[in-house]
Amino acid sequence: MSRIFAYIPQKSGVPDDAATELVAVAKKIDSRASPTAILIGFGPEIDAACTSLRDSYAEIWRVANESLAYPNAELVRKALVDVLPAGCILLLPHNHFGIDLSPGLSIKMNVTYVSDVVNIEGTDGTFLNLVRQEFGGQISAHVRCDISSGAVLNIRPGAFKPQEIPALNGQVVDKSAAVGALPSKRRFVETIVAEAGDVDISKEPVLVSIGRGIQEKDNVAIAQELADAMGAVVSCSRPVVDAKWLEKCRQVGSSGKTVKPKIYMACGISGSFQHLAGIKGSPFLVAINKNPKAPIFQVADIGIIDDLLEFLPELTNRIRESVSSHR
Amino acid sequence: MGVGFASPDQATYGLIPGWLFFLSIHVLGLTCFAYILTRRLTPLLHAAPDFRFDRPWLRSKKTLQFWFGQWKHPRYPGAGVLHILIFAGFITLAIRAFTVLIFGAGQDFDVSTLGIVRQLYEIITDYAATIVFLCMIVAAVRRIVFKPARYAVPPQYGKGHPADAIFLLGLIALLMVADSLHEASKAANLLQQGVSEFPAVFSLPWFMARALASASYSTLWSLYCGAYLLHQLTFYFLLCYRPFGIQFHVETSLFNVFFAKLDRGTVKPVKWGLSEAQVDQLKSFGVKKFGDFTWKHILDFYSCADCGRCSDNCPANAVGRPLSPRFVTVKAREYCFEHYPVFAPSDGNLPLVGGLYSEDQIWSCTTCGACEEECPLLIEYIDKIVDLRRGLIDDGNVPQTLQKPLKALETRGNPYGKLEKNRAEWTKDKEFRDHCEVKILDGRETADTLYFVDSITSYDDRMQSIGRATARILSRCGHNFGILGTKEKDSGHEVRRFGEETLFRMLRDENADAIDSTGASKIVTADPHAFNALKHDYKNLPTVEHISQVIAHEIKSGRLELKRVETENDVYTYHDPCYLGRHNQVYDNPRDVLDAIPGLKRVEMKRSRDRSFCCGGGGLMLFYEPREEQRMGVLRVRMAEEAGANVIVTACPYCMVNIEDAIKVAGLEGKMRAIDLAELVEKHMKEQGPETRQPDGLVAVAGR
Amino acid sequence: MEILVCARRVPDTSENEIEVNSAGNDIERDDLVYSVNEADNYAVEEALQIVAKQGGNVTVVTVGNEDDEEILRREMAMGANRAALISDEAFCGSDGKGIATILKAYVEKNHYDLILTGVQAEDGGAQVGGMLAAMLDYPFASLVNSIQVVDSKKLKISREIESGNREVSEIDLPCVLAIQTGINEPRYVGMKGIRQVASIDIPTFGLSELGVDAASVGEAGARVKRTDYFVPAAGKGAEILQGKREEIVDKLIELLRAKGGLK
């Protein structure tokens, strides 16, 4: 079985949450595997990140290079090709960076590539059986891939639960010297931070979140009324922002904000992966949707099959009544 | 007899003999006018074709009614009466103007030589001039003091021309004064000689004549000649000035009315004179540049009197959408005058959208027809909006919210993207099916009557109840009917009116084939948009009726009897759907049906029949997100409230969507409700007696 | 500027209910409405907008069979002035790398300054664009939500990253970009346009025209294969509240209160 590596993105010295998830993935591929973490960056940040992974990984490869201070996928790709041994299996989170890096990486490493893996069923000889989703998550597919000469696997964040493993005392190995010349055909200029907006949903404990099911801009008021009655804040999924019914700062999801509420009311939200990726911390999730087959019901704690345009106003009224009767 | 004044021709003006002077004025004036007219006609000659020369007898009748009879004017009683008087005065005085033009002023100046008819004419014209003069004063006061709201120009449309309006009123008044002064001085002269009394007492010239009673002969002569000169100059100035502004309608109105559209509810073809195959080859659809308008549309722009009645009745305007029909026309006219000026060369064909019109403006129209119904000059709007939309569609410039339903119409035959195979699912409702089986006319079965359901009634959970009610009614009345089922496609009514002509034709052709194979001799629908489409957009179909018409017939013939109204305390009001009422003039049948329900209390809203207020629009309009201050439906629901009603009856599924929605938005849930006419009738149908004929092939609706 | 857009015909997720077929080896394809993949459509619109400003040509290409030609026609109706269908039995069953190999061969027979793909196809793995770039040794960027032409040698682009932020970079031409939905507002493609391109001849390229090694493509060359479709067992999922609406509302309020969700 090939050696398994896990590329761990880091931000300001903090490794991505996926770090421990990828350990679980590695174990599913090969139960005896001891994956090696590989981090790329520069300065004190990369050192800090490497150090914090010593509990979870036996070996941590540190690749530091000034040109790699910002993770430009084109440059990272070349660095990985220089550093990684032939025929290995590389795991990384499937996010905006993974999507940018991996396809080209798999070609340069001449290995198999599978993106957005949600489950690993096991190996069978030189084949790996895994599960992906298609059609916006409406359907799943069994995929069989040939990993005899190695692979790059992008793993869906949150799809694998980190396992309990005894704390390791990992070694940090510096591999910076292996990195050769880095390409320059794509040059990072700057990051433009999204406008702050008047609301920071990432700090809110209770969110009333709306999706396409709200149907039109005028109905957003229905959600606002519920939020007011509950002392909550309104957030939404991507289609609502695309339709310009709410500002971008209220979007929950992989291209929006990450939220950690205690309670999340998902109203008229189908439950696409991209949206759920923005919800962390296992809140109490109530899903209201008139489609009983909506994927959100898989992950919600409580499900209500009803038209949110009818249900929410009633809920709002009852809450108001009960509040006033409690006084 | 006395000696009247000679013709002013005989006077000398400065060193120029009168006859030469006036001849020159005539020649100059008419040449100028002819030149101006030619320049104004130029854009018409380069415009798109328009077939308006058919049915001349019908056109003449319409001209008599709407132009000569000023039929639409009294809809605004104040301004209406005023204008009728001014118009009557103008016509009267025009006769004299023409005779003067042709025969010269020389002829009839001697009172004694006039016959009775001419004398009578003189009296009438004296009063005419007086009335016109007074009307000018009243009109000026209205504009300056009372400032009727509909004349105001909202800031986004720039400045109005209030000074110009007053100027013109003043000029006409001056014309009347000059004319009267001319008459008065002539009469004063005769009076001084004791010849004759001035018969038109209390007319303007009469007052002037009395004021001039002691003027000297030479003063009178000077006034006589001077007033005539003034009159001629003012007349020709006005003649040549009118084509530069709103008063051009004086000349163009006759033609605009004669050439007006005869066929209600229709939409003009993409280009007149081309077969559908030829249209397919066109590189460009619709109006993108000014020259793409037809000559009649340009004539419409010329003919607008800027009265504001259209916008005053436009529901889009009322809710603050960026559409004001008046300014669609006025801005186009300004544009035309600027780019096709009289005294300079034309400066080319510039794109309209983005400059003259905004996209939101063009998409905001619900095609309700209120503007066209109101316009006294019969100016057309819907065809222009459709043509502009055709241009936008052609350029791919369509709001994203409309692209989705259009794509769904193309791939699934309905704007909701729902599966074709589910189109007849509404007939399978368990409770309904037990009592009423609906035939599917898919080639194996035929029927006399086709019930054309259309998309919203087929797929929308709420509107399916209208479908079921309609089917039950048809069944109860013994109609041998069926539906097209999965073969039915959207009627395409809004598809066409939103400018997607090619997609419309595709839907139409598929439906026409399916309808043909049913063998039906009659089509019934409960959807006024489908009704209008089948009646006017489709060709060679059997008779098409709306369910309200069918019910009315059945009640009248005694085949259908209605029970006492279920809810005695409710007050009902009927909302006229635009495509049943205004476009197809079916106003009475639905009302007769309601009145046939014993004990039903019905009131009329202030805006009813041809002044009904659009609910918000149907078909694709439900998908468009307009910029507006409030919803049309909410305004309409408030009108019902104001009329004292708590139940709104409508006969259109789109009206139902908009009104039920509006009841919620207006916060009137529980206090106001809406019901469809078919649903109401179905609830009140009396038990079927044994003597009622059982329809063939249908499970009898018995024992309930 | 010569722009190539790689497009794919997919079942339209917004107009269909996607279900597994009875054999379990594919989705139920009866009654499906197909259209061009949404992100690819955005890519074509972006290409058209660039060419409108810079001049040049937009070519749309797809790897498939004659059924897939309809999307080429649709994009031509939208404004693309050239199209090509890459079709050969040997290409059937290709995985992402196979498709990229085929496209590479096509690209090398022509010259393009810019190659666009959508970020991901409905039934795809978000990979063809990146793979194609690596095979051609062109720089690549994915999740592109804005393109500015700096000059004939480079572009300024921005990428969608977390939290609504944007990563701005400069990228040299020729390059490959994977376009994210929402980058622009695609123009409407009317029926008239579609009818007018209905009989245009679209060139087809097969294995021999492109000179591709059969072993590297198709089923034979695929290292990743989808073996079936399925719907995962429901698992615990949500507790669905039953009863009349008022009852559900009351129950929900109780639960929310217990979790501290009501002030």
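Residues numbered from 1 in each chain as written. Chains lettered and ligands numbered in written order. Predicted model: local features only at pLDDT ≥ 70, side-chain atom pairs only at ≥ 80, totals over all residues. Heavy atoms only, no water.

J.: Summarise the overall build of chain B; cite the residues concerned and give the values.
T.: Helix and strand content of chain B: 28 helices and 11 strands. With respect to the three principal axes, the spread of C-alpha positions in chain B is 100 × 60 × 45 Å. Expressed as a percentage of its 704 residues, the buried residues of chain B come to 58%. Sequence separation of at least 24 residues holds for 80% of the intrachain contacts in chain B that already meet a minimum separation of 6. Of the charged side chains in chain B, 82 are positive and 82 negative; the average position of the first set lies 1 Å away from that of the second. (Helix = DSSP H or I, 4+ residues; strand = E, 2+ residues; numbered from the N terminus. Buried < 20%, exposed > 50% of the residue type's maximum accessible area, 1.4 Å probe, protein only. Contact = heavy atoms within 4.5 Å. Lys, Arg positive; Asp, Glu negative; His and termini not counted. Charge placed at Lys NZ, Arg CZ, Asp CG, Glu CD.)

J.: Now, about the nonpolar core: what can you tell me, with residues and values included?
T.: The biggest cluster of nonpolar side chains holds 179 residues, and the ones touching the most others in it are F290 and Y357 of chain B together with L114, L116, I147 and L177 of chain C. Grouped together as the second largest cluster of nonpolar side chains are 60 residues, A73 and L84 of chain A together with V176 and L210 of chain C included. (Core = buried A, V, L, I, M, F, W, Y, C linked by side-chain atoms within 4.5 Å.)

J.: Explain the environment of D306 of chain B to me, using residue names and the numbers behind them.
T.: Residue and element names in this part refer to chain B. Among the secondary structure elements, D306 is positioned in the loop between α10 (295–303) and α11 (309–313). As a C-alpha pair, D306 and K439 span 133 residues in sequence and 54 Å in three-dimensional space. Contact partners of D306, with chain neighbours within four places excluded, come to Y151, I246, R326 and V330. In terms of polar contacts, D306 uses its side chain to reach the side chain of R326, at 2.5 Å. (Polar contact = N/O pair within 3.5 Å; in protein donor to acceptor, adjacent residues only side chain to side chain.)

J.: Can you break down the interface of chain C and chain A residue by residue, with the values?
T.: Between chain C and chain A, the residue contacts involve 77 residues of the former and 79 residues of the latter. Buried surface at the junction of chain C and chain A, summed over both partners, amounts to about 6800 Å²; 55% is from carbon and sulfur atoms. Sorting the residues of chain C by area buried against chain A places R223, F230 and R245 of chain C first, and these three jointly supply 11% of that buried surface. The tally of links from chain C across to chain A stands at 13 salt bridges. At the boundary of chain C and chain A, one finds 42 residue pairs in polar contact (both at pLDDT 80 or more). Those elements giving two or more residues to the side of chain C that touches chain A turn out to be α4 (128–136), β7 (140–151), β8 (154–160), β9 (166–172), β12 (224–230), β13 (239–240) and α8 (245–258) of chain C. Counting residues per element, the side of chain C that touches chain A draws most heavily on α8 of chain C, which supplies 10 residues. Taken together, the residues that form the side of chain C that touches chain A break down as 33 nonpolar, 18 polar and 26 charged. Of the strand pairs in this sheet, strand β13 (residues 186–192) of chain A and β9 of chain C are connected by 6 bridges, and their pairing is antiparallel. Within the sheet, the bridge partner assigned to R186 of chain A lies in β9 of chain C and is I171 of chain C. (Buried area = accessible area lost by both parts, 1.4 Å probe. Salt bridge = Lys/Arg side-chain N within 4 Å of Asp/Glu carboxyl O. Nonpolar A, V, L, I, M, F, W, Y, C, P; charged D, E, K, R; others polar. Pairing = 2+ DSSP bridges.)

J.: How would you explain the environment of R144 of chain A if you had to name every residue and give the values?
T.: With respect to the secondary-structure elements, R144 of chain A resides in strand β10 (residues 139–146). Under the relative-accessibility criterion, R144 of chain A is labelled partly exposed at 27%. Counting along the chain gives 30 residues from R144 of chain A to V114 of chain A, while the straight-line C-alpha distance between them is 9.8 Å. In contact with R144 of chain A, not counting residues within four places along its chain, are D124, F127, L128 and N129 of chain A together with R223, V224, K225 and T227 of chain C.

J.: Can you lay out the state of the cysteines for me, pointing to particular residues and giving the numbers?
T.: Per the stated rule, a full pass over the model turns up 0 disulfides over all chains. Here C236 of chain A is not cross-linked by a disulfide; its sulfur's nearest cysteine counterpart is in C249 of chain A, at 8.6 Å. Note on C236 of chain A: relative accessible area 0%, which makes it buried. Distance from the sulfur of C175 of chain C, which forms no disulfide, to the nearest cysteine sulfur (C6 of chain C) is 12 Å. The exposure class assigned to C175 of chain C is buried, which follows from its relative accessible area of 0%. (Disulfide = S-S within 2.5 Å.)

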